[in-house]
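# Breakdown of the fold
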Amino acid sequence: MARRKKLYEGKAKILYEGPEPGTLVQYFKDDATAFNAEKRDVIDGKGVLNNRLSEFFMSGLAAIGVPTHFIKRINMREQLIRSVEIIPLEVVVRNIAAGSMSKRLGIEEGTPLPRPIIEFYYKDDALGDPIVSEEHAIAFGWATQQDLDDMVALALRVNDFMSGVMLAVGIKLVDFKIEIGRIFEGDYQRLIVADEISPDSCRLWDINTGQKLDKDVFRQDLGDLADAYTEVARRLGVMPRTNGNITKPTLIN
Ligand code: TMP
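The notes below deal with the structure included here. Model, not experiment: these values are computed from the prediction.

### Description of the site of the ligand
Taken together, the neighbourhood of the ligand is formed by 14 residues, with Arg94, Ser100, Asp175, Lys177 and Arg203 sitting nearest. The separation between an oxygen atom of the ligand and a polar side-chain atom of arginine 94 is 2.9 Å. In this structure, arginine 203 approaches the ligand through a side-chain N or O atom, which is 2.9 Å from an oxygen atom. Look at the ligand: alone it shows 450 Å² of surface, and the protein chains cover 77% of it. Taken together, the elements giving at least two residues each to the shell around the ligand come down to strand 9 (89–96), helix 2 (99–105), strand 12 (171–185) and strand 14 (202–206). Of the residues forming the shell around the ligand, the biggest block, three residues, is contributed by strand 12. Residues belonging to the shell around the ligand are distributed by class as follows: five nonpolar, three polar and six charged.

### Points about helix 4 (residues 145–167)
With 23 residues, helix 4 extends 33 Å from end C-alpha to end C-alpha; this agrees with the ideal 33 Å at 1.5 Å per step. Those residues of helix 4 that fall on the buried side of the exposure criterion are Asp147, Leu148, Met151, Leu154, Ala155, Val158, Asn159, Phe161, Met162, Val165 and Met166.

### Here we look at the nonpolar core
Among the nonpolar cores identified, the biggest contains 52 residues, and Leu89 and Ile197 are the most heavily contacted of them. When neighbours within four sequence positions are excluded, leucine 89 is seen to be in contact with Phe120, Tyr121, Tyr122, Lys123, Val132, Ala137, Trp142, Ala143, Leu148, Met151 and Ile178. One finds Ile14, Tyr16, Val25 and Leu80 within the second-largest nonpolar core, a separate group that totals five residues.

### Side note on the environment of serine 59
In this fold, serine 59 is placed in helix 1 (residues 46–63). The exposure class of serine 59 is partly exposed, given its relative accessible area of 31%. On a C-alpha basis, the gap between serine 59 and arginine 203 in space is 20 Å, while along the polypeptide they are 144 residues apart.

### Regarding the packing of helix 1 against helix 4
Axes are the key here: two packed helices are described by the angle between their axes and the distance separating the axes. Direction vectors running N to C along helix 1 and helix 4 enclose 120°, while the axes themselves pass 11 Å from each other. Between helix 1 and helix 4, the interaxial angle falls into the category oblique. Crossing geometry of helix 1 relative to helix 4 is assigned as right-handed. Across from Phe56, Phe57, Gly60 and Leu61 in helix 1, the residues of helix 4 making contact are Val158, Phe161, Met162, Val165 and Met166. A per-class count over the contact of helix 1 with helix 4 returns eight nonpolar, one polar and no charged.

### Notes on the pairing of strand 4 (residues 31–34)
The pairing of strand 4 with strand 5 (residues 39–42) spans four bridges and is antiparallel. Directly across from alanine 32, in strand 5, lies its bridge partner aspartate 41. Following strand 4, the chain reverses through four residues before pairing antiparallel with strand 5; phenylalanine 35 in that reversal takes a positive phi of roughly 55°.

### Digging into the sheet that holds strand 7 (residues 78–82)
Reading across the sheet, the five strands line up as 1-2-3-7-6 and stay open at both edges, with antiparallel pairing between neighbours. At either end of the open sheet lies a strand with only one pairing partner, and these are strand 1 (6–9) and strand 6 (70–73). Neighbouring strand axes in the sheet, compared pairwise and without regard to direction, differ in orientation by 25° on average. Examined bridge by bridge, strand 1 and strand 2 (residues 13–17) share three bridges and lie antiparallel to one another. Each residue of the ladder has a partner; that of glutamate 9, found in strand 2, is isoleucine 14. Taken strand by strand, helix 1 contacts strand 3 (23–28), strand 6 and strand 7, and its axis lies near 135° from that of strand 6.

Conventions and cut-offs
- Residues numbered from 1 in each chain as written.
- Predicted model: local features only at pLDDT ≥ 70, side-chain atom pairs only at ≥ 80, totals over all residues.
- Heavy atoms only, no water.
- Near = heavy atom within 4 Å.
- Polar contact = N/O pair within 3.5 Å; in protein donor to acceptor, adjacent residues only side chain to side chain.
- Areas by Shrake-Rupley, 256 points an atom, 1.4 Å probe, with all protein chains shown as cover.
- Helix = DSSP H or I, 4+ residues; strand = E, 2+ residues; numbered from the N terminus.
- Nonpolar A, V, L, I, M, F, W, Y, C, P; charged D, E, K, R; others polar.
- Expected span 1.5 Å × (residues − 1).
- Buried < 20%, exposed > 50% of the residue type's maximum accessible area, 1.4 Å probe, protein only.
- Core = buried A, V, L, I, M, F, W, Y, C linked by side-chain atoms within 4.5 Å.
- Contact = heavy atoms within 4.5 Å.
- Axes fitted to C-alpha atoms, helices over the stretch in contact; angles between N-to-C directions.
- Parallel < 35°, antiparallel > 145°, perpendicular 65-115°, else oblique.
- Left-handed = near helix turned anticlockwise from the far one by under 90°.
- Pairing = 2+ DSSP bridges.

Right, dumping it as structure tokens:
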């Protein structure tokens, strides 16, 4: 079979030309990286899990009227998505202090925040994705004030949805990162949720034990990352099944 044209390869995913104009195929790799790829490994099954989980979250968002790039899952590692112009800002929403915010502001990890806090990071690997303000985004032309207002509204809706879904399976949504893209419809542009939503881009803590079920397991060497993601998928009922048994996905290429 002729291989599709590869358009972009990132740390965790590859984008191929899609079957129709305006579409792309998003392939989930098993590669795990942290600290701007200073730490890296290949985790068997991670791509399969993230493909499923991102499908699950994006489909749920669509069902409550939050627009996303997701069209359909094609196979265990690939999904069909809408092609968007990615806004070069990572949007982080935090409910509980952790990670870089705890470090930067000296707030103990695990401290509940008085309200969800939204931060923007400029997507630039060479600079290590620095935190920026709305002022920077507007002044340097990365987004307009209207875009930023729409991004905040989208991010808060994603936060409400994801918090509820996670709470229902005994998991606290500590924080997460999303990326947002523009699509053009005639003279109008619309912002939609793009990239992926998976345990790679969230912090997820078990409500009872505080056990980490996200990429911090890899960042901090806390155990088997695939086991943690499998547990999230199992609780959400989105594990691939073989003969009716829930199984950890095996590598297919
Ligand atoms: P941080 O505390 O390291 O700034 O991370 C905040 C959230 O963003 C956390 O859920 C992990 C996610 N994240 C990414 O998805 N990609 C990244 O490159 C980084 C640094 C964080």
